[in-house]
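# Analysis of the macromolecular model
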2 protein chains.
Amino acid sequence: MELRDMKTIDTVACVGAGVIGGGWAAYFLARGLRVRVWDPAPEAGERLARLVDNAWPALTELGLAEGADKDAWTVHTDLAEALEGVGFVQESAPENLEMKQRLLADIAAAAPADAVIGSSTSGYSMTEMARTAVAEAPAGAARLVVGHPFNPPYLIPLVEVVGGEHTAAAAVDWAAEWYTLIGKSVIRMDRELPGFIANRLQEALWREALHMIDNGEATAEQIDRSITDGPGLRWPLLGPMLTFHLAGGQGGMAHNLDHFGPSLKSPWTRLEAPELTKKLRDAVVDSVDEATKGRTIDELIRARDASVIAVRQAIGSIRRDYPGGRE
Amino acid sequence: MELRDMKTIDTVACVGAGVIGGGWAAYFLARGLRVRVWDPAPEAGERLARLVDNAWPALTELGLAEGADKDAWTVHTDLAEALEGVGFVQESAPENLEMKQRLLADIAAAAPADAVIGSSTSGYSMTEMARTAVAEAPAGAARLVVGHPFNPPYLIPLVEVVGGEHTAAAAVDWAAEWYTLIGKSVIRMDRELPGFIANRLQEALWREALHMIDNGEATAEQIDRSITDGPGLRWPLLGPMLTFHLAGGQGGMAHNLDHFGPSLKSPWTRLEAPELTKKLRDAVVDSVDEATKGRTIDELIRARDASVIAVRQAIGSIRRDYPGGRE
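Residues numbered from 1 in each chain as written. Chains lettered and ligands numbered in written order. Predicted model: local features only at pLDDT ≥ 70, side-chain atom pairs only at ≥ 80, totals over all residues. Heavy atoms only, no water.

### Observations regarding the overall build of chain A
- Helix and strand counts for chain A come out as 14 helices and eight strands.
- For a compact globule of 327 residues, the expected C-alpha radius of gyration is about 20 Å, and chain A comes in at 22 Å, within 12% of that figure.
- Along the first, second and third principal axes, the C-alpha atoms of chain A reach 60 × 45 × 45 Å.
- Within chain A, residue pairs in contact and separated by at least 24 positions form 71% of the contacts whose partners lie at least 6 positions apart.
- Charged side chains of chain A number 32 positive and 46 negative; the gap between the two group centres comes to 5 Å. (Helix = DSSP H or I, 4+ residues; strand = E, 2+ residues; numbered from the N terminus. Rg over C-alpha atoms; globule rule 2.2 N^0.38 Å. Contact = heavy atoms within 4.5 Å. Lys, Arg positive; Asp, Glu negative; His and termini not counted. Charge placed at Lys NZ, Arg CZ, Asp CG, Glu CD.)

So, in structure tokens, the structure goes:
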């Protein structure tokens, strides 16, 4: 499989230009790329212009690539025309399986033969989305990869990358490298998992919140403030794993699991805990050891504290005016 | 019930001075209070001195109260001596129900008759923790309140406040007002719920993460980065509810639930979703409306974007050096 030399790419396509696709377009523009947009909505161009205008100050503040031009985009109603010659395609159609299947088959057939095609889907597996493409345009189907962004794609760095059964490994590698090249934080998954990683975590939290509202146990304001003024202040630096690593004191994750393991049986959420076997305990400890890359608990604590202070100071003036907000 | 005039309080007690109790002590000192510590460990004083020394630069940066003195604490091995004359007691013993029951009964008997007693428990209900106190010192038991902080208590503003069956409503009110007065972000819960609010949410996420590691679906590094570089960047300003409010576009939460409701049935987490009845749908929409206090979607988007940029810029230099870290 011959794939485009990514260093030579100057034009990409965005298929679908709603909140997510338009956000991708703004990001690509800020990276100095030209963007060709396909979107069937008559107001697509107007909507995209507004989105890019709104996003541009933020993108400017984070740093534009040389030659970045917020007007370097065109809207097309013909898919083949939109895809002509582009080095990469980002599909961001609505989350509708049949629509995605049809559209990805059309893209697979019409895109340049060396262009990788990323899909912004937040929940479907590429194996199911590619079904029609595999039947109609198998060569193109081999270049279909999930590249799942977070809203807004022009500000949140994370992209989850995973292929389907019929995706060539080289296309997944290419996509992971491409997103990294343009400044994204890439998680390359080895196998398909519904909701990928971040959405499974987010969704667990969201469902627990819905249960609480359903039972009259908490309001939206309380739920949000319990995060914004609590664990949410730690998470921009240390995720849930390293947060619990620090909750174990100097003994770290090992101490945490050995000591607080039994509390996994507490009814602290409606989600059932896995059995904390010796095997799981060791797997978690090993995985955390790898993630910390030799940093001591004290080093992590200092970084966490510096981060919480920086976050609180940085957004103090914004938060002051917000729901339950405080500096 | 006569409770202390909180404006006159100049001395408080910390019962237990480990990571949490010591963190409380550092916070109280920064607020200009004197702290009397009871902790049976022979090295308690030395440990606390180190903790306060480490926390003080952060507390100084966030702003000390007038007269704040990092040395204004004493350690006592006699509980009655530690509690003598104090205006408030914060209990932060290890999470062991029998130990908490015994200790809270002793505190309830020995504390000044007008002092409210807060417990840092992260999971027990005050009803179960107060059982011995109710039998032995019922007057004191009426002043026992959960005041659940987040680690480190000197940096994370959140405190969840809730009473038990035998707690006087006046004591819960007093505690909520007190923690607010000293600069905390208080969530006053109307009824006991295992894990309170934030820990239920955190724990749902943590359990989902453990399941993923158990099944070899993700590493600790991937789990953490999926939060730090993804939703974790949004959560310091907008919690999970307002985040999903914005995910609905201009239609907000109502559009989100009406449109994406069916995806609640997707296997995106091991936590089962509640049935999305009309009643739940309306309750969520109403609760979000209350939380947004009339702010439009566009206003919220601008604030979110400003916050994400501020957070990324503020901790860029810290993150650069961190697991999977990037600016």
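There is more to say, and it comes next.
### Overview of the sheet that holds strand E2 (residues 34–38) of chain B
- Within the open sheet, the eight strands sit side by side as E3-E2-E1-E4-E5-E6-E7-E8 (chain B). Their pairing is mixed. Here the strands that pair on one side only, and so sit at the sheet edges, are strand E3 (73–76) and strand E8 (185–188) of chain B. Averaged over neighbouring strand pairs, the angle between their axes works out to 25 degrees when direction is ignored.
- In this sheet, strand E7 (residues 158–163) of chain B lies alongside strand E6 (residues 144–149) of chain B in antiparallel orientation, the contact comprising five bridges. Directly across from proline 149 of chain B, in E7 of chain B, lies its bridge partner valine 159 of chain B.
- The strands touched by helix H10 (residues 220–228) of chain A within the sheet are E7 and E8 of chain B, with E8 of chain B carrying the most contacts at an inclination of about 140 degrees. (Pairing = 2+ DSSP bridges. Axes fitted to C-alpha atoms, helices over the stretch in contact; angles between N-to-C directions.)

### Overview of the UniProt feature "domain: 3-hydroxyacyl-CoA dehydrogenase C-terminal" (unreviewed entry) in chain A
- Per the UniProt record, "domain: 3-hydroxyacyl-CoA dehydrogenase C-terminal" (unreviewed entry) is annotated on residues 195–279 of chain A.
- Between the C-alpha atoms that bound residues 195–279 of chain A the distance is 25 Å, and the span itself is 53% helix and 0% strand. (UniProt positions renumbered as here; feature names shortened; annotations may be inferred.)

### Structural notes on H10 of chain A
- Of all nine residues that make up H10 of chain A, eight are buried, and the element is covered over most of its length.
- Turning to H10 of chain A, its buried residues number three or more, namely Ala220, Gln222, Ile223, Asp224, Arg225, Ser226, Ile227 and Thr228 of chain A. (Buried < 20%, exposed > 50% of the residue type's maximum accessible area, 1.4 Å probe, protein only.)

### As for the packing of helix H11 (residues 240–247) of chain A against helix H12 (residues 252–260) of chain A
Residues and elements named next belong to chain A.
- Contact geometry for H11 and H12: axes closest at 7 Å, N-to-C directions at 75 degrees. In terms of orientation, H11 and H12 fall into the roughly perpendicular class. Every residue of H12 that contacts H11 at Met241, Phe244, His245 and Ala247 is listed here: Gly252, Met253, Asn256 and Phe260.
- For the contact of H11 with H12, the residue count by class is five nonpolar, three polar and no charged. (Parallel < 35°, antiparallel > 145°, perpendicular 65-115°, else oblique. Nonpolar A, V, L, I, M, F, W, Y, C, P; charged D, E, K, R; others polar.)

### What to know about the domain arrangement of chain A
- For chain A, the assigned domains are domain 1 (6–188) and domain 2 (198–319).
- The straight-line distance from the C-alpha centre of domain 1 of chain A to that of domain 2 of chain A is 32 Å. (Domains from an automatic or database assignment.)

### Looking at the packing of H10 of chain A against helix H11 (residues 240–247) of chain B
- Interhelical geometry of H10 of chain A versus H11 of chain B gives an angle of 110 degrees and a closest axis separation of 7 Å. Classed by the angle they form, the pair H10 of chain A and H11 of chain B counts as roughly perpendicular. Facing Ala220, Ile223, Asp224 and Ile227 of chain A of H10 of chain A, the residues of H11 of chain B in contact are Pro240, Met241 and Leu242 of chain B.
- The class makeup of the residues in the contact of H10 of chain A with H11 of chain B is six nonpolar, no polar and one charged.

### Observations concerning unusual backbone geometry
- The amide bond that connects asparagine 151 of chain A to the next residue, proline 152 of chain A, takes the cis arrangement and shows omega of -5 degrees.
- Phi is positive for phenylalanine 196 of chain A, which is not a glycine, with a value near 55 degrees.
- For phenylalanine 196 of chain A, the location among the structural elements is in the loop between strand E8 (185–188) and helix H9 (198–214).
- A relative accessible area of 2% places phenylalanine 196 of chain A in the buried class.
- Non-glycine residue lysine 293 of chain B carries a positive phi angle of around 50 degrees.
- Relative to the helices and strands, lysine 293 of chain B is located in the loop between helix H13 (278–292) and helix H14 (297–319).

### Structural notes on the interface of chain B and chain A
- Listed as interface residues are 116 residues of chain B and, on the opposing side, 116 residues of chain A.
- Interface of chain B and chain A: buried area, both sides summed, is about 11,200 Å²; carbon and sulfur atoms make up 66% of it.
- Across the contact surface, chain B and chain A share two salt bridges.
- In this structure, the salt-bridge partner of arginine 200 of chain A is glutamate 208 of chain B, at a minimum N-O distance of 2.9 Å.
- Across the chain B-chain A interface, the total number found is 38 residue pairs in polar contact (both at pLDDT 80 or more). (Buried area = accessible area lost by both parts, 1.4 Å probe. Salt bridge = Lys/Arg side-chain N within 4 Å of Asp/Glu carboxyl O. Polar contact = N/O pair within 3.5 Å; in protein donor to acceptor, adjacent residues only side chain to side chain.)

### Regarding the sheet that holds strand E3 (residues 73–76) of chain A
Residues and elements named next belong to chain A.
- Spatially, eight strands are ordered E3-E2-E1-E4-E5-E6-E7-E8 in an open sheet, and the strand pairing comes out mixed. The open sheet terminates on both sides in strands that have one partner only, identified here as E3 and E8. Neighbour-to-neighbour, the strand axes of this sheet turn through a mean angle of 25 degrees, independent of strand direction.
- Here strand E7 (residues 158–163) pairs with E8 via four bridges, running parallel.

### A short note on the relation of the copies chain B and chain A
- Here chain B sits on chain A after a turn of 180 degrees about the axis and a move of 0.0 Å along it, with an RMSD of 0.0 Å. On this basis, the relationship between the two copies can be described by a two-fold rotation axis. Among all residues of chain B, the one whose C-alpha sits closest to the rotation axis is leucine 271 of chain B, at a distance of 2.3 Å.
- Residue by residue, 100% of the interface of chain B is reproduced at the interface of chain A, so both copies engage with the same surface. (Least-squares fit on C-alpha atoms with pLDDT ≥ 70 in both.)

### Topic: the UniProt feature "domain: 3-hydroxyacyl-CoA dehydrogenase NAD binding" (unreviewed entry) in chain A
- According to UniProt, the positions carrying the feature "domain: 3-hydroxyacyl-CoA dehydrogenase NAD binding" (unreviewed entry) are residues 11–189 of chain A.
- In the segment residues 11–189 of chain A, helix accounts for 43% and strand for 21%; the C-alpha atoms at its two ends are 27 Å apart.

### Points about the packing of aromatic side chains
- In this structure the tally under the stated criterion is 17 aromatic pairs over all chains.
- Their ring planes at 55 degrees and their centres at 5.5 Å tell us that tryptophan 235 of chain A and tryptophan 235 of chain B sit as a pair that is tilted. With tryptophan 235 of chain A in the loop between H10 and H11 and tryptophan 235 of chain B in the loop between helix H10 (220–228) and H11, this pair bridges two chains. When sorted by exposure, tryptophan 235 of chain A lands in the same class as tryptophan 235 of chain B, which is buried.
- The rings of Trp24, Phe28, Phe88, Trp174, Trp178 and Tyr179 of chain A are connected pair by pair, giving a single aromatic cluster.
- The side chain of arginine 31 of chain A reaches across the aromatic face of tyrosine 27 of chain A, ending 5.4 Å from its centre.
- Over the ring of tryptophan 24 of chain B we find lysine 184 of chain B; its NZ or CZ atom is 5.4 Å from the centre of that ring. (Phe/Tyr/Trp six-rings, centres within 6.5 Å; stacked < 30°, edge-to-face > 60°. Lys NZ or Arg CZ within 6 Å of the ring centre and 35° of its normal.)

### Some words on the pairing of E3 of chain A
Residue and element names in this part refer to chain A.
- Inspection of the sheet shows strand E2 (residues 34–38) paired to E3 by four bridges, in the parallel sense. Residue pairing in the sheet places valine 35 in a bridge with tryptophan 73 of E3.
- A crossover links E2 with its parallel partner E3, the connecting element being helix H2 (residues 44–62), and its sense is right-handed. (Right-handed = clockwise from strand over helix to strand, strands pointing away.)

### Here's the deal with the pattern of salt bridges
- One pass over the full model with this rule turns up 40 salt bridges over all chains.
- For the salt bridge of arginine 188 of chain B with aspartate 190 of chain B, the shortest nitrogen-to-oxygen distance reads 4.0 Å.
- The exposed category is assigned to aspartate 190 of chain B, whose relative accessible area is 74%.
- As a salt-bridge pair, aspartate 282 of chain B and arginine 281 of chain B come within 3.0 Å of each other at their nearest N and O atoms.
- The class for arginine 281 of chain B is partly exposed, based on a relative accessible area of 21%.
- Connected through shared salt-bridge partners, Arg200 of chain A together with Glu208, Glu217 and Arg270 of chain B make up one network.

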